[in-house]
Every structure is written in C-alpha cells, then in structure tokens.
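Examining the three-dimensional arrangement
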Amino acid sequence: MNTPPGGFRLSLSGYLVCMAGICWREGLRFLNQRGRFLSALVRPLVWLFIFAAGFRSVLGVSIIPPYETYVLYEVYVTPGLVAMIQLFNGLQSSLSMVYDREVGAMRILLVSPYPRWFLLVSKLLAGILVSVLQVYTFLAVAWFWEVELPPVGYVAVLPALLLSGFMLGAMGLVMSSVFRQMENFASVMNFVIFPMFFASSALYPLWRVQESSLVLWWICTLNPFTYAVELIRFALYGQFEPFAALVVALCALVFLAAAILAYDPSAGMMARRGGPEDAR
Amino acid sequence: MTAPPNPASRAPAALPALAVTHVTHAFGTRKALDDVSLTVPAGSFTALLGPNGAGKTTLFSLITRLYDNRTGRIEVLGEDVRRRPAAALSQLGVVFQARTLDLELTVAQNLVYHATLHGIGFRAGRRRALEVLQRAGLADRADERVRNLSGGQMRRVEIARALMHRPHLLLLDEPTVGLDIASRAALVAQVRELVAQEGIGVLWATHIIEEIAPDDRVVVLHRGRIRAEGSHAEVLAQAGAHTIADAFLHLVREPEPIPGVST
C-alpha cells in the first residue's frame, strides 16, 4: 500500500476491524430477519423429510467411501443438502452485492478507504458465516431425523464449509456481474442452482450416474459443485478428500479473482442501461 | 482503537478540500460529464446547482470512486482519488441521494458499522456515535431502529454517520429531497454549522434554489458541463442576473433552435 506524504496508512488491525464490522453487520441482519433464516432452513428440510424419506426404499446406496456400512438415503443426501444451503446463500448474497452496488448499503461499503478486493472478500466471508450458522442448525434438526454424524465431523466440516462457501459465493458474484440477464433470483434458480444441484453427486453417487448416462457423468464430473459436496461429505465423517479440496480451492481462487475483476460499480446494471437516473 | 491518522491534519491550509480538474465521463457514447473542473475550498459551503440529469450524481460517484475516473484528476485535500484512494477516501464523508441506512439496525449500530469500515474499533465507534448523535440532537434515539425514524431524522443520522471518521470534506447529494420545509431548513442549518465550527468543506448538490445563501460558493452544472463557478456575486455577474434563480434559469437555458439548422 502506498503511503501518501501525509503519512496515511491502513493498519493490519484496521483491516481486521473492518472485516469484523462487515461480519458483525451481516450477523445482526441475520438475527433480525428470522423469515430469511426460516426459509433457508425449510428448503433443505423439505428435501430431507419428504424427498429423501420417500426415496429411501427406491434408492439404495452401497458401501462407498467415506461410509463404512450401508447408509440410509437421508444420510447420503445430507452433505448435498448442506452444500445446497451454501449454494443458495452464496448466490443470493452475491446477487444482492451486484444489484445493490449503485444504491443501498454497498455504496457505503465501497467508499470505505480499504481496497475493493478486501471489502468484497469480507462481504463474501460474512455471507459464508451466515450460511455456516444455517448449516449447523440444519444438521442439528437432521440429527433428530436419524442423520447422526460422528462428533468429529461437526468440527471437521467447518473448514470445508468455509472453502466451499468461498467458491460458491465467488462463483455467484462472477456470474451475476457478467450475465446481465440474471436480473432476478428465479432465473438464477432455473439456470444455475437446479442444474448445478441435480448434475452433481448431491442426490446419487457418481458410479450410479455413470451406469445410466456417461454424458451426465461427465457433466457431474466437471461440475465444481460435485467437489464441494464430496469435500463436505468426507469432512462430515472426519476425513479429508484431497482431490475435492484441491478442485474447490482452485475454483475458489479463480472465481474470486474473476469476481474482483468483474465487480466494477461503473459497469453496474444502471450503467449498462445507459447511466444512472440523474445523468439521463 | 482510534481512527486512522488523517492526512488533512497535516495538510497545508491552502489545499482545497476538493479539486476536480478536466474530468470527463461517458456511459457508452453518451457523455454524462464533459471536461468538468471545480474547486471546493476548505471550510466553504459550495452549492452544486443543477437540474435533474445535469450529472451531479455521476460526479459524486467519481469523487467517491464508485466509478473510476479515467480522464482528468480528482483530489481530496491533495490526495488523488485514483492514485491514493485510501488516503483520499479516508477524509471524505458522503451522504448519497438514495437512503443508505440499514432500516433493520439501530441508529448506533449503523454508525458503529460505518466506523469499522474506516478501521475504528467497536468501543471507540460507539463512543464517537454517541458524540455525533449528541450534536445532531438524536442521542436519545441511538438504540432505536432506523425504521422508526422520520425522513428528516434519517437524513440527520446519515450526516452524523458521514462525520464518524472526522472527514474534512462532506459530499451531500440532494439530501433534502422528500423532506418538509422545516426539516430541510434544519438540515441546511446543521451542515452550515459544521462548516463554520469545524472548517469542513461541503459540496452540497441541489436543484432547490432556496437552499443557497449569499455567502455560498456556487457551481452551476448543466448537461454535464460547468456553466458557472464562483462566489454568489460572481455567478450573478457571469449570468448577468440579479437573483440566483434568474442566473440559474439563464445558465441552463437551451439555445433557441435556428430554423433549418440541425444541432
């Protein structure tokens, strides 16, 4: 960082305070918006209670790592539902960062003296921490639904959640910065969330997909979300899946770099339409 | 934790609070600002007068670095916004045209959040929040949700928030829009007091003529161009008018189309 003649310098403690402040605000908003919290929780619980329970007798899951025995279908889909919470949360908060950049809270955030990349990373982190809270609440409810994980898994999954959260949040930021058609969350659900979720290992093991369709297997294999699901799945059993971790980390870095480059307030939605209202 | 050291405290008094030099900005092929130059001296109240669509908000977006300025130069107390954004933004307080308070948080929480964005810790931020709210006459509302405040009170909170990190330049983009006459007068008085007591340079964008006082500096912006700049009297002289309202109407008047000549 350059130090101007006046001696101004952003200190490390200042960076930490700034990041803590952004996370603190997100936490306060989360606590104040109980409806948002409930809706984020209801979605995966519906999948767990209705979809997974209904398919329990139809879909059998053989013994595949990290499982050491046959598991209930509800147990199999739980990591995928955890990743789904993060996918929804990541895309939702990233979209709001893009569409709020010319109005609302993002303006105040962006006129902070700290670098834009740091502010965006902090904002992503704040969104991830909220999604982590949602995940732990979901896991607590799932525990009563016979989804009992080894105690170490509840701790080991935390770094996996942070990493996958960064990847999904940054991916959302890139997509919503680049594709101007994504102006509402419904289209994002149809074109991004559902395809990513279904074309992954969230609902069925990849070997089963390969048996039925090689093309779909390739799509699932190329889908970064698959690796987020597997990273979380192994972590929930206290195990580390290095390849999934590597893919997720690399994707997170690439998406993050692209997101920082793509996030240009002067290229915002209003600017693309011909400039802010005042300048018309 | 305290606020980062502010270079303005060591800046020569002669430095203007804001200097905009030859700035042009376009959205696609349409120029929103065309070779704009203006100065806000330290400790002055400068009214940026322009009708809707003049380019005021675009100019504010460039000064606050929401948009990157690619031509010309913008300096806040001598610090180039493009080259030294941190140093420039640290001494800049801003009140945007659209409300930017978080309605779900309390007044104090909004202010403390802003403090942290400038590296001021939570405790120091809380202390400073109570201090600025005291001055704004809103100390008793500190722990109330913003949602419960009136429009005028929200604007006062936004000004208080902009002062949290002790800036030397305050930008206000049409802050009185939507306020009743009494709230508007109170807000203008509050900002003038800041100029007088703390020596803050203020750039007040407006299209409401009544908000301009005879002691103010005036900049008239129309269709992205500066049409006049100077003291109240100088702008009247430039326009050849007796009142600022007449001067404004004269300066933003479109030339009569000449029959048969396309423009």
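Computed from a predicted structure; not experimentally measured. Numbering of residues starts from 1 in every chain and runs along the sequence as written. Key to labels: chains lettered from A, ligands numbered from 1, both in the order written. Two thresholds apply to this predicted model, a pLDDT of at least 70 for residue-level local features and 80 or more for giving and counting side-chain atom pairs, whereas whole-chain, interface and lining totals are computed over all residues.

1. A word on the overall build of chain B
Which entries qualify depends on this criterion: A run of DSSP states H or I qualifies as a helix once it reaches four residues; a run of E qualifies as a strand once it reaches two. Both are numbered from the N-terminal end. The atom set for the radius of gyration is the C-alpha atoms, and the globule formula is 2.2 Å times the number of residues raised to the power 0.38. Comment: burial labels come from other C-beta atoms within 10 Å of the residue's own C-beta, placed from the backbone, where a count of 20 or more is buried, 12 or fewer is exposed, and between is partly exposed. What counts as a contact is two residues whose backbone-derived C-beta atoms lie within 7 Å of each other.
Helices and strands together make up the secondary structure of chain B, namely eight helices and 10 strands. For chain B, whose C-alpha radius of gyration is 19 Å, the value lies close to the compact-globule estimate of 18 Å for 263 residues. Seen through its principal axes, chain B has C-alpha atoms that stretch 70 × 40 × 35 Å. Across the 263 residues in chain B, those meeting the buried criterion constitute 51%. In chain B, 68% of the contacts between residues at least 6 apart in sequence involve partners at least 24 apart.

2. Observations regarding the sheet that holds strand 1 (residues 18-27) of chain B
Residues and elements named next belong to chain B. For clarity, the threshold we go by: Any two strands with at least two DSSP bridges between them are considered paired.
Read from one edge of the open sheet, four strands run 2-1-4-5, paired in antiparallel fashion. The sheet is open, and its two borders are formed by strand 2 (30-40) and strand 5 (79-80), each paired with just one other strand. The pairing of strand 1 with strand 2 spans seven bridges and is antiparallel. Looking across to strand 2, one finds that Phe27 is bridged to Arg30.

3. Notes on the UniProt feature "transmembrane region" (unreviewed entry) in chain A
Residues and elements named next belong to chain A. Applied cut-off: UniProt positions are given in the numbering used here, feature names are shortened, and annotations may be inferred rather than shown by experiment.
Feature annotation in UniProt places "transmembrane region" (unreviewed entry) on residues 6-24, 45-64, 117-145, 151-173, 185-204, 216-236 and 243-263, given in this structure's numbering. Overall, residues 216-236 shows 95% helix and 0% strand. The separation of its end C-alpha atoms is 26 Å. Counted over residues 243-263, helix gives 95% and strand 0%. Its end C-alpha atoms are 29 Å apart.

4. Brief notes about the packing of helix 3 (residues 107-117) of chain B against helix 5 (residues 151-162) of chain B
Residue and element names in this part refer to chain B. For the record, the criterion: Note on definitions: angles span 0 to 180 degrees between N-to-C directions of axes, and those axes are lines fitted to C-alpha atoms, for helices only across the stretch in contact. Each angle is binned into one of four classes, with values under 35 degrees roughly parallel, values over 145 roughly antiparallel, values of 65 to 115 roughly perpendicular, and all other values oblique. Working rule for handedness: look at the near helix, and if it is turned counterclockwise from the far one by less than a right angle, call the crossing left-handed; if clockwise, right-handed. Residue polarity is assigned by list, with Asp, Glu, Lys and Arg as charged and Ala, Val, Leu, Ile, Met, Phe, Trp, Tyr, Cys and Pro as nonpolar; anything else, Gly included, falls into the polar class.
Between helix 3 and helix 5, whose axes approach to 9 Å, the crossing angle comes to 30°. Relative to helix 5, the element helix 3 is oriented roughly parallel. Both helix 3 and helix 5 take part in a crossing whose hand is right-handed. In contact with Val107, Asn110, Leu111 and His114 of helix 3, helix 5 contributes Val157, Ala160 and Arg161. Classifying every residue of the contact of helix 3 with helix 5 gives four nonpolar, two polar and one charged.

5. Looking at the nonpolar core
Definition in use: Think of a nonpolar core as buried Ala, Val, Leu, Ile, Met, Phe, Trp, Tyr and Cys residues, each tied to the set through C-beta atoms within 7 Å. Where each domain begins and ends follows an automated or database-derived domain assignment.
Counting residues in each nonpolar core, the largest one holds 159 residues, and the members touching the most others are Leu87, Met167, Ala170, Ala228, Leu231 and Ile232 of chain A together with Leu169 of chain B. Taken domain by domain, the makeup of this core includes at least three residues from each of domain 1 (15-91 + 167-263) and domain 2 (93-166) of chain B. Residue contacts for Ala170 of chain A: discarding those within four places in its chain leaves Leu124, Ala252, Phe255, Leu256 and Ala259 of chain A.

6. Details of the packing of helix 1 (residues 12-32) of chain A against helix 5 (residues 116-143) of chain A
Residue and element names in this part refer to chain A. Two numbers describe how helix 1 lies on helix 5: the axes approach to 9 Å, and their chain directions differ by 40°. Viewed along their axes, helix 1 and helix 5 adopt a mutual orientation that is oblique. The two elements helix 1 and helix 5 cross, and the hand of that crossing is right-handed. Across from Tyr15, Cys18, Met19, Ile22, Cys23, Glu26 and Phe30 in helix 1, the residues of helix 5 making contact are Phe118, Ser122, Lys123, Leu125, Ala126, Gly127, Leu129, Val130 and Leu133. Looking at side-chain class alone, the contact of helix 1 with helix 5 contains 12 nonpolar, two polar and two charged residues.

7. Some words on the sheet that holds strand 6 (residues 92-95) of chain B
Two strands in a sheet stick together by hydrogen bonds in their backbones, pointing the same way (parallel) or opposite ways (antiparallel). All names here are of chain B. If you trace the six strands from one edge of the open sheet to the other, you get 6-7-8-3-9-10, paired in mixed fashion. With one partner strand each, in any of the chains shown, strand 6 and strand 10 (225-231) form the two edges of the open sheet. For this sheet, the mean angle separating the axes of adjacent strands, direction not counted, is 15°. Pairing between strand 7 (residues 169-173) and strand 8 (residues 201-206): five bridges, direction parallel. The partner of Asp173 across the bridge, within strand 8, is Ala205. On the sheet, helix 8 (residues 244-251) packs against strand 3 (45-49), strand 9 (217-222) and strand 10 and is oriented at approximately 30° with respect to strand 9.

8. Structural notes on the environment of Met171 of chain A
If you trace the backbone, Met171 of chain A turns up in helix 6 (residues 151-178). Sequence separation of Met171 of chain A and Ala126 of chain A is 45 residues, and the distance between their C-alpha atoms is 16 Å.

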